[in-house]
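Understanding the architecture of this molecule
Below are the chains, spelled out letter by letter.
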Amino acid sequence: MVEKTLLVEKKLLEKVSSKEEIKKEIKEEVIEKKENSKSEMEFPKIKEEVKPKKLSIEDLPGVGAATAEKLREAGFDSMLAIAVASPGELTEIAGLTEATARKIINTARSKMDMGFESGDQLLEKRKNILKVTTNSQALNNLFGGGIESGAITECYGEFGVGKSALAHQLAVNIQLSKEKGGGEGMAVWLDTESTFRPERIKQIAELNNLDPEKTLKNIKVARCFNSDHQMLLAEKVEDLITKDNLPVRLVIVDSLMGHFRSDFAGRGQLSDRQQKLNKHMHVLQKIASNYNLVVYITNQVMSKPDTFFGDPTAAIGGNIVGHNSTYRVYLRKGKKGTRVAKMIDAPHLPESEAIFQVTEKGLVDVT
Ligand SMILES: Nc1ncnc2c1ncn2[C@@H]1O[C@H](COP(=O)(O)OP(=O)(O)OP(=O)(O)O)[C@@H](O)[C@H]1O
Ligand SMILES: [Mg+2]
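Below or above, wherever it landed, is the structure these notes cover. (Residues numbered from 1 in each chain as written. Chains lettered and ligands numbered in written order. Predicted model: local features only at pLDDT ≥ 70, side-chain atom pairs only at ≥ 80, totals over all residues.)

Glancing now at the pairing of strand S11 (residues 339-345). Two elements, strand S10 (residues 327-333) and S11, share six bridges in a ladder whose sense is antiparallel. Note on S11: the bridge partner recorded for Val 329 is Met 343. Hairpin connection of S10 to S11: five residues between the antiparallel strands, including Lys 336 at a positive phi of 50°. As defined by bridge partners, S11 adjoins strand S12 (residues 353-359) across four bridges and the pair is classed as antiparallel. Among the inter-strand pairings, Ala 341 is bridged to a residue of S12, identified as Ala 354. (Pairing = 2+ DSSP bridges. Helix = DSSP H or I, 4+ residues; strand = E, 2+ residues; numbered from the N terminus.)

Next up, the structure:
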């Protein structure tokens, strides 16, 4: 009996010690990982700026499980998203009647704290906003000092106009110190058309006296296979920040519409496409504002055959893209190989133009 107990005890001890060992091993591994990540990046950690409100949309009258699902699918996943929606949007997306949509929106508005903040609080918040340099003073001025964090910046224009060139430039510049117009952080690149060129990053880094290898390490690239994958990857950016502790400061989507355009090519699929696109844009907006990130998206153009005056091209993606982009810039080719950027939509900036050039060194002013 005693022997048996001893045996059991011995076995238990063995178990415990092996558990201890495992624990120790795990601990060592974690420390090692932490040290690795420390030596790789010397950027400050990203904190969540605003905690999202945790109120469920099922609390709204007339929103059952099916409607809630439809609303969520389209990106209306919070009280706030519904409170700021228009009845037309909800009717189009969730198939509600106009009257129900109105009722839901009004209830969402009355139920939630719309979050009044005093002017000085807002000014304090605005102080944290980054203005990331494009390398061209003229282009920086067009954006009111640089590409802003906490917002979505969209550039659209025909092929070869410099949309991806600006993406490469920003992926490097985001890593600069704040004094130099950077964001002291990393870039995430959602690549839908294999346009990311590591050689180009190396070239820009070298010609700007930065360590090319380090610069490349601080850019995380993910190839998107289709629009669903693209949407999923955008959602995963939050995990990189909160779970992997990566100091992500810039998210690039180049190009936004490529997959959406081909995945929903049929005539009857337009409303499906717009729903998904709306959700994707909301996710991008949410990460931009919750983590004070720069979100840069590129977009293609289509010709408007019914235009008689002005430029006969328009960005694709319709109102959903336009309304969800904070800054919207149209790029076109200018004289002698220059590029012209025109601010189409911005909250507090005038409609103006800037001229720049794409060179080996990256984007530069026209001299
Ligand atoms: N290393 C370089 N040196 C000089 N100019 C370059 C260099 N790399 C790219 N360019 C210029 O940038 C242009 C390519 O621009 P970019 O790839 O950004 O176009 P885009 O707007 O993204 O087009 P698309 O719609 O095809 O994706 C080229 O036409 C070229 O003029
Ligand atoms: Mg491109």
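Read from one edge to the other, the open sheet built from nine strands follows the order S5-S4-S6-S7-S3-S10-S11-S12-S13, with strand pairing classed as mixed. With one partner strand each, in any of the chains shown, strand S5 (219-223) and strand S13 (362-365) form the two edges of the open sheet. The mean inter-strand angle of the sheet, taken between neighbouring strand axes irrespective of direction, is 25°. For strand S4 (residues 186-191) and S5, the ladder comprises five bridges, and the chain directions are parallel. Following the sheet pairing, Ala 187 is matched in S5 by Ile 219. Set on the sheet, helix H11 (residues 227-242) makes contact with S4, S5 and strand S6 (248-254); between it and S4 the angle comes to about 165°. (Axes fitted to C-alpha atoms, helices over the stretch in contact; angles between N-to-C directions. Contact = placed C-beta atoms within 7 Å.)

What follows deals with the site of ligand 1. Inspection of the region around ligand 1 gives Gly 157, Phe 159, Gly 160, Val 161, Gly 162, Lys 163, Ser 164, Ala 165, Thr 195, Val 358, Thr 359 and Glu 360 as its neighbouring residues. Considering every element that reaches the shell around ligand 1, the biggest residue donor is helix H8 (residues 163-173), with three residues. Each residue belonging to the shell around ligand 1 can be placed in one class, and the counts come to four nonpolar, six polar and two charged. (Near = placed C-beta within 6 Å. Nonpolar A, V, L, I, M, F, W, Y, C, P; charged D, E, K, R; others polar.)

A few words on the environment of Gly 322. Relative to the helices and strands, Gly 322 resides in helix H14 (residues 318-324). Here the alpha-carbon distance between Gly 322 and Asp 345, two residues 23 residues apart in the chain, equals 8.5 Å. Excluding its chain neighbours within four sequence positions, the residues that come into contact with Gly 322 are Ala 315, Arg 328 and Asp 345.

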